[in-house]
Structure formats: structure tokens, C-alpha cells
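Secondary and tertiary structure notes
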Amino acid sequence: MELRSWLNSYLEYLLEERGVSRHTSQGYSSDLSDMIAYLESAGLILPNELRAHHLTGYLSNLKQAGRSTATLTRRIVSIRSFFKYLTIRRAVDYDPAIQLEAPRIDRKPPRTVETADLDKLLALPETENGMNGLRDKAMLELLYATGLRVTELISLDVSHVRLDMGFLLCLGSGGRERMVPVGSQAAFWVGRYLAEARTGMTNSDKPVEALFLNHLGTRLTRQGFWKVLKKYADQLGMIVTPHTLRHSFASHLLDNGADIRAVQEMLGHSEPSTTQMYLTADKPKIKEVYERNHPRART
């Protein structure tokens, strides 16, 4: 059979035997149809005619056309999967895609906020008059103090926070639990919020376990938190996202000499390589930490 016929067979296999979604199947179809069109223009229509250099030629053509690294990586995944299928079906004598290597993704240093600017942001919520101000102050202080993801923050229940012990229990991705330390500033403001504001925000007829509540007395949503953060960031003319605060949490700890594995555990990263991106965000500061702390760093 020709490549296009094999593609139809492969897409049926994905849907019926692998159980992939229609959206995923369409992604494979788009990627592989583009590759097949390129090969057909070179007179290659049968699977067994293909060699590794034909596939690398296709990928080089995409790169020259300015396609992103993410696009190239996705195409390679699609091509590898397709040719693995062709190998199993004995449509090819050997797999020409087996040695294709995904391009290296250059990670940009995460965007962070300077400590002075963060101090200004955290000082904006009005905490003397109104329950929302206390809630907002507690949320922002807690997010920066712990490096939680916004989903983790809004998923907190009152029972997850142990201010007396200086820890909170976070339910991360995949249902993994981790204990995260809470600093004294965040603990103070969460304590004030619990004592002075949260009770007034609840609906007595429908008690909820959520720590942070909206005006309806129910759990604050991701969108609700984004609006709160944007409101304060706009007042300072800053662009700040929940992840900016998470990045700042990690970078500021590492800049001041924190152990990378401890930061990895607090962030809930499964691999230390994910945390290491913060080490490259500001190399001069790392050198300063070394020179300040190592006994033989200076003459």
C-alpha cells in the first residue's frame, strides 16, 4: 500500500485500538499528512522506499521554514509513532525513524519580580476595612511564601493549614501530597484572615472546607484569583502572573543560598532538572552567594 493508505490505517488503529481522542488523532493526521505531501513531491510514495535521510530532509525543510522547536519535536513524535506502526505491520523492512533526535529546547530563564517590587505589590490590599482586603493579602503573602501553583492555592482547605506548626499540606498534581513550610509573615496574615474575615464570608447554611472564599461564600476559582492579582498588578503597572510569584519564590531562595533539593521538594518538582532552570536565571548572584559563604572564596 502507498503511504496515504497506511496513514488511514494508522489513524483507525489509534482510534479503535489505542483509544486516543478524536483531537489527538487529528493532530497526528495533520502532522503526517504534511510529511507525506513532502515525500510525494520527491517521488516517494511507498513505505519501503524511505530512508532516514528522507525524514531528516523533511525536518530540515521545516526548520528552514522557521517552524518552532516545539513544532519540530511534535512532528518527530508523530513520525516515530507512525513508523513504529509500519514496522509492526511489516510495511517496512527497518524503521527509518528510529534514530531521529528531537531538537534541544532552549529554556528561557523564568520571569521573576524584584523583592522591592514584590513588597509594593503585597502592600496594596486594604486590610483594615473590608474582608476582601484581608483575604487578598493572605492569598498573595501565602503564594509568594510557599511557591504554590494557583490551582494548589485555591484547593487548600482550612484543615490543610497548620499555622501553629508553620506548615501546610499541599495536594499537587497526580494527587501527590507534600508538606510546605509557611513563613511568619504569611502565617500572620492567614491567621488574621481566618479570625477576622473568613467567618463573615461564609454562608452558614452551606459550610465549606475551602480556605479562600469568594463573595458567594464558596471556594475561590482560578479565574477569581487571577482577577485579584491583576487588579493589584495593574495599580503598579506591572505584569504579574501566579507563576511569576512561584518563579520569584524559587529564584529568591536559591539566590540566597538555599539547597536546590529543598527548593525542589517545596515546589513539588519530580525532577531536579526542572528546578535547576532557576539557577541560571541570574548567575552573578550565585557567584555572590559563593563568595559570601565559602571560607576560601576570597583572598
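Below is a summary of the structure that appears in this document. Small disclaimer: the values here were computed from a predicted structure and weren't measured.

Calculation criteria
Residues numbered from 1 in each chain as written. Predicted model: local features only at pLDDT ≥ 70, side-chain atom pairs only at ≥ 80, totals over all residues. Heavy atoms only, no water. Helix = DSSP H or I, 4+ residues; strand = E, 2+ residues; numbered from the N terminus. Buried < 20%, exposed > 50% of the residue type's maximum accessible area, 1.4 Å probe, protein only. Contact = heavy atoms within 4.5 Å. Areas by Shrake-Rupley, 256 points an atom, 1.4 Å probe, with all protein chains shown as cover. 1 Å grid on protein atoms, 1.4 Å probe; cavity = no way out; pocket = protein on both sides within 12 Å on 5 of 7 lines; lining within 4 Å. Points joined across faces, edges and corners; volume = space filled by probe spheres on them. Nonpolar A, V, L, I, M, F, W, Y, C, P; charged D, E, K, R; others polar. Expected span 1.5 Å × (residues − 1). Pairing = 2+ DSSP bridges. Salt bridge = Lys/Arg side-chain N within 4 Å of Asp/Glu carboxyl O.

Tallying secondary structure elements over the chain gives 13 helices and three strands in all. In the chain, which comprises 299 residues, the share counted as buried stands at 41%. Residue pairs in contact within the chain that sit at least 24 positions apart in sequence constitute 60% of those at least 6 positions apart. With an accessible surface of roughly 17,100 Å², the chain has 50% of that area assigned to carbon and sulfur atoms.

When its volume is computed, the largest pocket comes out at roughly 240 Å³. What lines the largest pocket is a set of twelve residues, and nearest its centre among them are L59, S60, K63, L72 and P103. Of all elements in the fold, only α3 (52-64) and α4 (69-88) reach the threshold of two or more residues within the lining of the largest pocket. Of the residues forming the lining of the largest pocket, the biggest block, four residues, is contributed by α3. In terms of residue class, the lining of the largest pocket is made up of five nonpolar, three polar and four charged. Size it by volume and the second largest pocket reaches roughly 190 Å³. Taken together, E141, Y144, A145, G183, S184, Q185, A186, S248, F249, H252 and L253 make up the full set of residues lining the second largest pocket. Contributions of two or more residues to the lining of the second largest pocket are made by α6 (131-146), α8 (184-201) and α10 (242-255). When residues in the lining of the second largest pocket are grouped by element, the largest group, four residues, is from α10.

With that settled, the discussion passes to α4. The end-to-end C-alpha separation of α4 is 29 Å, in line with the 28 Å expected for 20 residues at 1.5 Å each. Listing the buried residues of α4 in full gives T71, L72, R75, I76, S78, I79, S81, F82, F83, Y85 and L86. Against the buried residues of α4 lie α1 (3-18), α2 (22-41) and α3. Immediately beyond the C-terminal end of α4, within one or two residues, lies R90, with a positive phi of roughly 60°.

With that settled, consider the sheet that holds strand β1 (residues 161-162). Strand pairs in the sheet, formed through backbone hydrogen bonds, run parallel or antiparallel to each other. A sheet is described by the order of its strands in space; here three strands give the open sequence β1-β2-β3, paired in antiparallel fashion. In the strand order of this sheet, the two ends are held by β1 and β3 (177-181), each with one partner. In this sheet, β3 lies alongside strand β2 (residues 167-171) in antiparallel orientation, the contact comprising five bridges. Paired with L168 across the bridge in β3 is V180.

All chains considered together, the criterion is met by 15 salt bridges. Between R89 and E17 there is a salt bridge, with its nearest N and O atoms 3.9 Å apart. Taken together, the residues R89 in the loop between α4 and α5 (115-122) and E17 in helix α1 connect sequence positions 72 residues apart. Taking the relative accessible area as the measure of exposure, R89 reaches 36% and is therefore partly exposed. Taken together, the shared-partner salt bridges connect D31, D34, R74 and R75 into one network.

Keep in mind these values describe shape, not function.
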